[in-house]
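# Geometric and topological summary
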2 protein chains.
Amino acid sequence: MGRIICCGLGPGDPDLISVRADRAIRAAEHVAYFRKKGRPGQARCIVEGLLAPNAREYPMEYPVTTELPFDSPEYAAVLARFYDQWARRLAEIAHEADVVVLCEGDPFLYGSFMHLHTRLQGRAVVEVIAGIPGMVGCWNAVGMPIALGDDVMTVLMGTLPEAELSNRARGSDALVIMKTGRNLAKVRRALQAAGRLGDAWLIERGTMPGQRVARLGDVDPAECPYFAIVLVHGHGRQIELAAE
Amino acid sequence: MGRIICCGLGPGDPDLISVRADRAIRAAEHVAYFRKKGRPGQARCIVEGLLAPNAREYPMEYPVTTELPFDSPEYAAVLARFYDQWARRLAEIAHEADVVVLCEGDPFLYGSFMHLHTRLQGRAVVEVIAGIPGMVGCWNAVGMPIALGDDVMTVLMGTLPEAELSNRARGSDALVIMKTGRNLAKVRRALQAAGRLGDAWLIERGTMPGQRVARLGDVDPAECPYFAIVLVHGHGRQIELAAE
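Residues numbered from 1 in each chain as written. Chains lettered and ligands numbered in written order. Predicted model: local features only at pLDDT ≥ 70, side-chain atom pairs only at ≥ 80, totals over all residues.

## Re the overall build of chain A
Regarding its fold elements, chain A presents seven helices and ten strands. For chain A, whose C-alpha radius of gyration is 20 Å, the value lies close to the compact-globule estimate of 18 Å for 244 residues. Out of the 244 residues belonging to chain A, those deemed buried represent 51%. Look at the contacts in chain A between residues 6 or more apart in sequence, and 73% of them connect residues 24 or more apart. (Helix = DSSP H or I, 4+ residues; strand = E, 2+ residues; numbered from the N terminus. Rg over C-alpha atoms; globule rule 2.2 N^0.38 Å. Buried ≥ 20, exposed ≤ 12 C-beta atoms within 10 Å, placed from the backbone. Contact = placed C-beta atoms within 7 Å.)

Structural data, given as structure tokens:
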């Protein structure tokens, strides 16, 4: 009887995978990962060179959706069937042997694995190995503490309405904004309205080849970068007392 | 000419250290870490068995403060001198050889290393290796996704005023509350007022020996546990669409 071992891969640099996940990945006979059809897949790219030569791979390719809007109930149903099928398939393999599922960042922080995790309850032994979240790799790329002292840090999605983004930017010391991409122009306006644009950074492909760190104010919002996170650093609500 | 390499140690389990930090720690000739006087120190405990036999250790012991209140300007001055002295000392060692500084969690997320980091600018080459934050280890200990879909996640300190804690608990999908300890009774009241106590977990010594995961409502607030984080999980603002 095997297990399903979900390995958090961290922010992208394979050297930032945990010792335990690295060991599980190198030993894996069965390796599954999500990807878009026709793409190598970010998770698979991170482990390039780590997999055993005889490892069997299971690319879990998201259903193509040219005709269905991404947020339609019809697409949601297609996606639910896709997760159902893969949960069944992985549970079957786990009857015989361990299966490693690769997940970027930390699997429990906005990760796709949760769709399988829910469906696998009671059907297989599931282990999750924590990873360094993508946002942690991004603030390390900037090289400054993201939060200190009694700072409040808010993690939010660029998909939120502009007014909510602005209010939260006003009410938080440190900010992490994910899912920027097509929302970048809106995120920029929201930060400007909150008086935080001057302190905002855009980190693209943090810790990976092609990493780019820029002041958000200097980035053309039409660029719509991929794998990008916006950060605003906290300054330490009370820590100034203890500094020089 | 050496470097000062700050290694994020992750949440506590040495197996959750990154491959890169693990390599740097095992190879280190000079290893520094903060600790309270008379205590082994959490960071040092995590690397037990990893250090080379000839590694030279530099315990950076916080000044004792029985007579000065922790939040007084006088204590802040004592602490600033302490950081000044250690920054000078580490920079001197780094003239000759690499020095590894051990930091629990991720060094840039509420880490003590930042006090040295600021002071070392321009005086030594400083590298920081990201780690899995303590909170990530805690939500992995509970075994449920902390945030999904368009959830807003807020990270805050139990030191904040009760009314602010309550307001933020009301206004956020997922919550991480650090520095609980002596603030636990207040945190509990604030979550109760916000209607979130029923969903709150207390995780003590996450991923470490003696780990404890409990419903916050079941914990005696007088217990004042150490290394404890309170979590309230998000439920996925829009992701329900895509679930079964």
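Having seen it, we continue.
## Points about helix 4 (residues 113–120) of chain B
Residue and element names in this part refer to chain B. Burial analysis of helix 4 places seven of its eight residues in the buried class, the great majority of the element. Elements that come into contact with the buried residues of helix 4 comprise strand 1 (3–8), helix 3 (73–93), strand 4 (99–103) and strand 5 (125–129). Looking at the residues trailing helix 4, positive phi occurs at glycine 122, about 80 degrees.

## So, the domain arrangement of chain A
Residue and element names in this part refer to chain A. Looking at the assigned domains, one finds that chain A contains domain 1 (3–132) and domain 2 (135–242). Here the C-alpha centre of domain 2 lies 28 Å away from the C-alpha centre of domain 1. On the side of domain 2, seven residues touch domain 1, which itself brings seven residues to the contact. When the residues that make up the side of domain 1 that touches domain 2 are grouped by side-chain class, the tally is four nonpolar, two polar and one charged. (Domains from an automatic or database assignment. Nonpolar A, V, L, I, M, F, W, Y, C, P; charged D, E, K, R; others polar.)

## Details of unusual backbone geometry
Across the chain, the bulk of peptide bonds are trans and the bulk of non-glycine residues have phi less than zero. All names here are of chain A. Of note, the phi angle at threonine 207 is positive, near 70 degrees, even though the residue is not glycine. Secondary-structure assignment places threonine 207 in the loop between strand 8 (200–204) and strand 9 (212–215). Look at threonine 207 and you get buried, because 22 C-beta atoms sit within 10 Å.

## Considering the interface of chain A and chain B
Taken together, the contact between chain A and chain B spans 46 residues of the former and 46 residues of the latter. Of all the secondary-structure elements, those providing two or more residues to the side of chain A that touches chain B are helix 1 (19–27), helix 3 (73–94), helix 5 (134–142) and strand 6 (153–157) of chain A. Take the side of chain A that touches chain B: its biggest share by element is five residues, from strand 6 of chain A. Residue classes in the side of chain A that touches chain B are distributed as 30 nonpolar, eight polar and eight charged. Here strand 6 of chain A pairs with strand 6 (residues 153–157) of chain B via three bridges, running antiparallel. Paired with A:Thr154 across the two strands is B:Thr154, which belongs to strand 6 of chain B. (Pairing = 2+ DSSP bridges.)

## Points about the sheet that holds strand 2 (residues 30–35) of chain A
Residue and element names in this part refer to chain A. Pairing is parallel across the open sheet formed by five strands, whose spatial order is 3-2-4-1-5. The outermost strands of the open sheet, each flanked by one partner alone, are strand 3 (56–61) and strand 5 (125–129). In this sheet, neighbouring strand axes are inclined to one another by 20 degrees on average, regardless of whether the strands run parallel or antiparallel. Relative to strand 4 (residues 99–103), strand 1 (residues 3–8) runs parallel, the two sharing five bridges. Residue pairing for strand 4: cysteine 7 is matched across the bridge by leucine 102. Helix 4 (residues 113–120) rests against strand 1, strand 4 and strand 5 of the sheet, and its axis sits at about 145 degrees to strand 4. (Axes fitted to C-alpha atoms, helices over the stretch in contact; angles between N-to-C directions.)

## Some points on the nonpolar core
Within the largest apolar cluster, 162 residues are counted, with the highest numbers of intra-cluster contacts made by A:Cys7, A:Val101, A:Leu231, B:Cys7, B:Val101 and B:Leu231. Setting aside anything within four residues of it in sequence, one finds B:Cys7 in contact with B:Ala21, B:Ala24, B:Ile25, B:Val100, B:Leu102, B:Cys103 and B:Ile129. (Core = buried A, V, L, I, M, F, W, Y, C linked by C-beta atoms within 7 Å.)

## Section: the environment of A:Tyr75
Residues and elements named next belong to chain A. Within the element layout of this structure, tyrosine 75 appears in helix 3. Tyrosine 75 sits in the partly exposed class, given 17 other C-beta atoms within 10 Å. Sequence spacing of tyrosine 75 and proline 107 is 32 residues, and the spatial spacing of their C-alpha atoms is 23 Å. Apart from residues lying up to four places away in sequence, tyrosine 75 is in contact with Thr65, Leu68, Pro69 and Phe70.

## Examining the packing of helix 3 of chain A against helix 4 of chain A
All names here are of chain A. Where helix 3 meets helix 4, the axes come as close as 9 Å, and the angle between the chain directions of the two elements is 65 degrees. Considering only the axes of helix 3 and helix 4, their crossing is right-handed. Each of Tyr83, Asp84, Trp86, Ala87, Leu90 and Ala91 in helix 3 lies in contact with helix 4, whose residues at this interface are His115, Leu116, Arg119 and Leu120. Partitioned by chemical class, the residues of the contact of helix 3 with helix 4 number seven nonpolar, one polar and two charged. (Left-handed = near helix turned anticlockwise from the far one by under 90°.)

## Structural notes on the relation of the copies chain A and chain B
Rotating chain A by 180 degrees about the axis while translating it 0.0 Å along that axis superimposes it on chain B, leaving an RMSD of 0.0 Å. The symmetry that links the two subunits is that of a two-fold axis. The fraction of interface residues of chain A whose copies in chain B are also interface residues reaches 100%, indicating that both copies meet through the same surface. (Least-squares fit on C-alpha atoms with pLDDT ≥ 70 in both.)

## Considering the environment of A:Asp220
All names here are of chain A. Examined against the element boundaries, aspartate 220 turns out to sit in the loop between strand 9 and strand 10 (228–232). With 9 C-beta atoms counted inside 10 Å, the residue aspartate 220 sits in the exposed group. Separated by 157 residues in the primary sequence, aspartate 220 and proline 63 have C-alpha atoms spaced 32 Å apart.

## A few points about the sheet that holds strand 2 (residues 30–35) of chain B
All names here are of chain B. Ordered in space as 3-2-4-1-5, the five strands form an open sheet in which the pairing is parallel. Only two strands of the sheet have a single neighbouring strand rather than two, namely strand 3 (56–61) and strand 5. Geometrically, the sheet is characterised by an average inter-axis angle of 20 degrees between neighbouring strands, direction not taken into account. Direction of pairing for strand 1 relative to strand 5: parallel, over a ladder of five bridges. Within strand 5, the residue paired with cysteine 6 across the bridge is valine 128. Relative to the sheet, helix 1 (residues 19–27) contacts strand 1, strand 4 and strand 5, its axis offset from that of strand 1 by approximately 125 degrees.

## A look at helix 6 (residues 162–170) of chain B
Along helix 6 of chain B, the positions that sit buried rather than exposed are B:Leu165, B:Ser166, B:Arg168 and B:Ala169. Of the surrounding elements, those touching the buried residues of helix 6 of chain B are strand 6, strand 7 (174–178) and helix 7 (184–193) of chain B.

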